[in-house]
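Here's the letter readout for the chains.
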Amino acid sequence: MESLLCSSSPTPFFSSVSTFFSGQALPNPRPIFPLLHRAEPRFEPLWCTMSQSFEPETKSKEAKLWGGRFEESVTYIVEKFTESISFDKQLYKHDIMGSKAHASMLAEQGLISVSDRDSILQGLDEIERRIEAGEFVWRTDREDVHMNIEAALTDVIGEPAKKLHTARSRNDQVLTDCRLWCRDAIDRIIASIRHLQVAMVKLALNNEGLIIPGYTHLQRAQPVLLQHLLLTYVEQLDRDAGRLLDCRARLNYCPLGACALAGTGLPIDRFMTSNALGFTAPMRNSIDAVSDRDFVLEFLSANSIIAIHLSRLGEEWVLWASEEFGFITPSDSVSTGSSIMPQKKNPDPMELVRGKSARVIGDLVTLLTLCKGLPLAYNRDLQEDKEPMFDSVKTIVGMLEVSAEFAYNITFNVEKIQKALPAGYLDATTLADYLVKKGIPFRTSHDIVGRSVALCVSKNCQLQDLSLEELRGLNPVFDEDVYEFLGVENAVKKFSSYGSTGSSCVADQLDYWVAKLEINQPRPN
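This report concerns the structure included in the present document. (Residues numbered from 1 in each chain as written. Predicted model: local features only at pLDDT ≥ 70, side-chain atom pairs only at ≥ 80, totals over all residues. Heavy atoms only, no water.)

Focus: the overall build of the chain
Filter applied, for reference: Helical segments are the DSSP runs of H or I of at least four residues, strand segments are the runs of E of at least two, and each set is numbered from the N terminus. Note on definitions: a residue-residue contact is assigned when non-hydrogen atoms from the two residues lie within 4.5 Å. Note that accessible areas follow from Shrake-Rupley with a 1.4 Å probe, and for residues the cover is restricted to the protein chains shown.
Per the secondary structure count, the chain includes 21 helices and 6 strands. The contacts of the chain with a sequence gap of at least 6 include a subset with a gap of at least 24, amounting to 73%. Carbon and sulfur atoms provide 54% of the accessible area of the chain, an area that totals close to 27,300 Å².

Thoughts on the environment of Ala428
One can find Ala428 in helix 17 (residues 428-437). Sequence separation of Ala428 and Phe485 is 57 residues, and the distance between their C-alpha atoms is 9.3 Å. Here Ala428 is in contact with Val449, Val453 and Leu463, once residues within four sequence places are set aside.

Concerning the pairing of strand 1 (residues 211-216)
Short version of the rule: Two strands are said to pair when DSSP picks up at least two bridges between them.
As defined by bridge partners, strand 1 adjoins strand 2 (residues 219-225) across 6 bridges and the pair is classed as antiparallel. Bridging from a neighbouring strand, Ile211 pairs with Leu225 of strand 2. The turn linking strand 1 back onto strand 2 is made up of 2 residues, and His217 within it adopts a positive phi angle of 60 degrees.

Let's talk about the side chain of Asp427
Along the chain, the position of Asp427 falls in the loop between helix 16 (414-420) and helix 17. If we skip the residues at most four places from it in the chain, Asp427 touches Leu463, Phe485, Leu486, Gly487 and Ala491.

Thoughts on the pattern of salt bridges
Applied cut-off: By definition here, a salt bridge exists when the distance from a side-chain nitrogen of Lys or Arg to a carboxyl oxygen of Asp or Glu is within 4 Å. The rule is simple: take the accessible area with a 1.4 Å probe, protein chains only, and divide by the maximum for that residue type; under 20% is buried, over 50% is exposed, in between is partly exposed.
Counted under the stated rule, the structure contains 29 salt bridges. With a shortest N-O distance of 2.9 Å, Arg248 and Asp187 are connected by a salt bridge. With Arg248 in helix 10 (residues 226-251) and Asp187 in helix 9 (residues 170-205), this pair connects stretches of sequence that are 61 residues apart. With relative accessibility at 23%, the residue Arg248 sits in the partly exposed group. A network of salt bridges, in which partner residues are shared, links Glu126, Arg129, Arg130 and Glu135.

Overview of a nonpolar patch on the surface
Condition: Exposure above 30% relative accessible area and the absence of a salt bridge qualify a residue for a patch, where like charges join within 9 Å and nonpolar side chains (Val, Leu, Ile, Met, Phe, Trp, Tyr) within 5 Å.
Residues Leu261, Ile287 and Leu376 make up a contiguous nonpolar surface patch of roughly 280 Å² in combined accessible area. Along the chain, Leu261 turns up in the loop between strand 3 (253-254) and helix 11 (270-276). Leu261 sits in the partly exposed class, given a relative accessible area of 38%.

With respect to the nonpolar core
Quick note on the threshold: Note on terminology: a nonpolar core comprises buried Ala, Val, Leu, Ile, Met, Phe, Trp, Tyr and Cys residues joined through side-chain atoms within 4.5 Å.
Among the nonpolar cores identified, the biggest contains 104 residues, and Ile189, Val201, Phe299, Trp317 and Trp320 are the most heavily contacted of them. Looking at which element gives the most residues to this core, the answer is helix 9, with 18 residues. Val201 has contacts with Leu231, Val234, Leu510, Trp513, Val514, Leu517 and Ile519, leaving out every residue within four places of it along the chain. Core analysis: the next-biggest nonpolar cluster, separate from the first, contains 20 residues, Ala432, Tyr434, Phe478 and Leu486 among them.

Details of unusual backbone geometry
A cis amide bond links Leu376 to the next residue, Ala377, at an omega of 5 degrees. Among the secondary structure elements, Ala377 is positioned in the loop between helix 14 (348-371) and helix 15 (386-407). A positive phi angle, close to 55 degrees, is found at Asn460, a residue other than glycine. You can see Asn460 is positioned in the loop between helix 18 (442-459) and helix 19 (468-474). For Asn460, a relative accessible area of 71% puts it in the exposed group.

So, the packing of helix 9 against helix 15
In plain terms, the rule: Note on method: axes are straight lines fitted to C-alpha atoms, helices fitted across the in-contact stretch only, with angles between N-to-C directions ranging 0 to 180 degrees. In these notes the angle categories are as follows: under 35 degrees is roughly parallel, over 145 is roughly antiparallel, 65 to 115 is roughly perpendicular, and the rest is oblique. Whether a crossing is left-handed or right-handed is set by the direction in which the near helix is turned from the far one by less than a right angle, anticlockwise for left-handed and clockwise for right-handed. Gly counts as polar in this scheme, as do all residues outside two lists: the nonpolar Ala, Val, Leu, Ile, Met, Phe, Trp, Tyr, Cys and Pro, and the charged Asp, Glu, Lys and Arg.
One way to put it is that helix 9 packs onto helix 15 with a least axis distance of 9 Å and a crossing angle of 15 degrees. The angle between helix 9 and helix 15 falls in the class roughly parallel. The chirality of how helix 9 crosses helix 15 is left-handed. Taken together, the residues of the contact of helix 9 with helix 15 sort by class into 19 nonpolar, 3 polar and 3 charged.

Focus on the side chain of Arg183
Inclusion rule: Here Asp and Glu are counted as negative and Lys and Arg as positive; His is not counted, and neither are the chain ends. In the analysis that follows, any N or O atom pair within 3.5 Å is treated as a polar contact, provided that within protein one partner can donate a hydrogen and the other can accept it, and provided that, for residues neighboring in sequence, both atoms belong to side chains.
Its place among the elements puts Arg183 in helix 9. Asp184 provides the closest opposite charge to the buried, salt-bridge-free Arg183, at an N-O distance of 4.8 Å. A distance of 2.8 Å separates the side chain of Arg183 from the backbone oxygen of Leu277, its partner in a polar contact. Among all residues touching Arg183, those that are not within four sequence positions of it are Arg248, Leu251, Asn252, Leu277, Gly278 and Phe279.

Quick look at the packing of aromatic side chains
Rule in force here: Pairing of aromatic rings covers Phe, Tyr and Trp, the last counted by its six-membered ring, and requires centre-to-centre distances within 6.5 Å; plane angles under 30 degrees mean stacked, over 60 mean edge-to-face, and any other angle means tilted. For a ring to carry a charge above it, either NZ of a lysine or CZ of an arginine must fall within 6 Å of the ring centroid while also lying within 35 degrees of the normal to the ring plane.
This structure, assessed with the given rule, holds 10 aromatic pairs. Ring centres of Trp320 and Phe412 lie 6.2 Å apart, and the angle between their planes is 70 degrees; on these two criteria the pair is classed as edge-to-face. In this pair, Trp320 sits in helix 13 (residues 294-320) while Phe412 sits in strand 6 (residues 410-412), placing the two residues 92 residues apart along the sequence. Judged on exposure class, the residue Trp320 and its partner Phe412 are both buried. Here Tyr512 and Trp513 contribute two aromatic rings whose centre-to-centre distance is 5.0 Å and whose plane-to-plane angle is 85 degrees, an arrangement assigned as edge-to-face. Overall, Tyr512 belongs to the partly exposed group, its relative accessible area being 46%. By way of ring pairs, the aromatic residues Tyr215, Trp320, Phe325, Phe327 and Phe412 are connected into one cluster. Sitting over the ring of Phe295, Arg179 keeps its end group 4.2 Å from the ring centre. Positioned over the ring face of Phe485 is Lys494, at 4.4 Å from the centre of the ring.

A few points about the state of the cysteines
For clarity, the threshold we go by: Counting rule for disulfides: a pair of cysteine sulfur atoms within 2.5 Å.
This structure, assessed with the given rule, holds 0 disulfides. In this model Cys247 remains outside any disulfide bridge; the closest cysteine sulfur is found in Cys182, 7.2 Å from its own. By relative accessible area, which is 1% here, Cys247 ends up buried. The thiol of Cys461 is unpaired, and the distance to the nearest cysteine sulfur, on Cys456, comes to 4.1 Å. A residue is classified by how much of its surface remains accessible, and Cys461, at 11% relative accessible area, is buried.

And the structure:
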């Protein structure tokens, strides 16, 4: 079987299922699949062809930095499967930061000389320069970003580089790198959130007084100011930023010096390295320090909530851009066309925002599943936390940026929105409030207005079109002042509770966000 699966000859043709599993032909064999042509392309299973993309096996191998107890080197298949340099090289800057802080601490504690420290720091500066200039060669046989940099440091400065790993393991090293990386990533995402918030507030400022239908169950519900609805997303984004700040505060503790899991007997100063790297303090428990991935889980959870908010925004704008709604028109600069239908103009960026939310949620689920069955302390499984972490951040930043770009490039179709307002009896709840103010219990008011709507449906008219006599036929409490509550404009004016869609309430909300986000754009008169 193995020789057939991994043979370099063309794919074997099995005349029957029985032949495949037993190796014995049956009488009058019939093909499982009809032959389309005689010259079939060669196909070999992945596990037989993987090594073709690797370095030639004749290449001399560098001894592993951990290889002292081993008599054989790993195979290329194992090396390629276990390497992480293809993705964790993104951590190079933070790895170098951590190594500089560690080297300085070792010198301060007398574990290395000042001269060795200076050589290490200069060598790390040179390696960082080479990386950023594109001159650095990342080597798969050096496994990961840590070993690549440490081995390169040995190439650059020689013997002093071998002292850098004193009182340090890759277990605490990688988590230090990741915490530093996540800290910077959170700062970047928060900046992107602020950018989108500003775009939404400016969009609201440019559409003052515009009333739109508000929906529940995707059915017409009550009239709301467009500004009020746009500020809903600003509020959601602010909570998103708050979650990220909370996450940042919790992750800002330093694992460096925890070593493999048990700490060290050498006289290191973990508080010194923690302070040098801007952490709040060292992590109290060395086992927790090297096994914890809560901070990544929390980070990706916060990103997933952001993605859901952006997906809801995307869904709304995709609907509003349709002919059925027609509330917005995206500019050509944020739209795409069809390869076959020349009339099409699609809001693709927001469709992809909606779609990419699944990817961000998937990154979180990947990490949750990865961590759920791991014993303490470190396990190699945890190498797999990097790619979902990197992908989540890259995707969420892209979603935020394109959502802001879209917000700056849409216009609201005022005439079409105004034509759509009469449908749905949006002022019905305001009419119920009128009756409550007249002393009628709300449940009774609800029933009266329901019968008023039924009358309108039978007459094919709006509530404001009913005569006073018709209204009094439903309840004698109705008076001439009822018409001050009917119609969407009058209905919006009647909202007055804190946070409501009333004009003065929304104006207060806008003023708050203009001040908080330091927006210089003046309010329209």
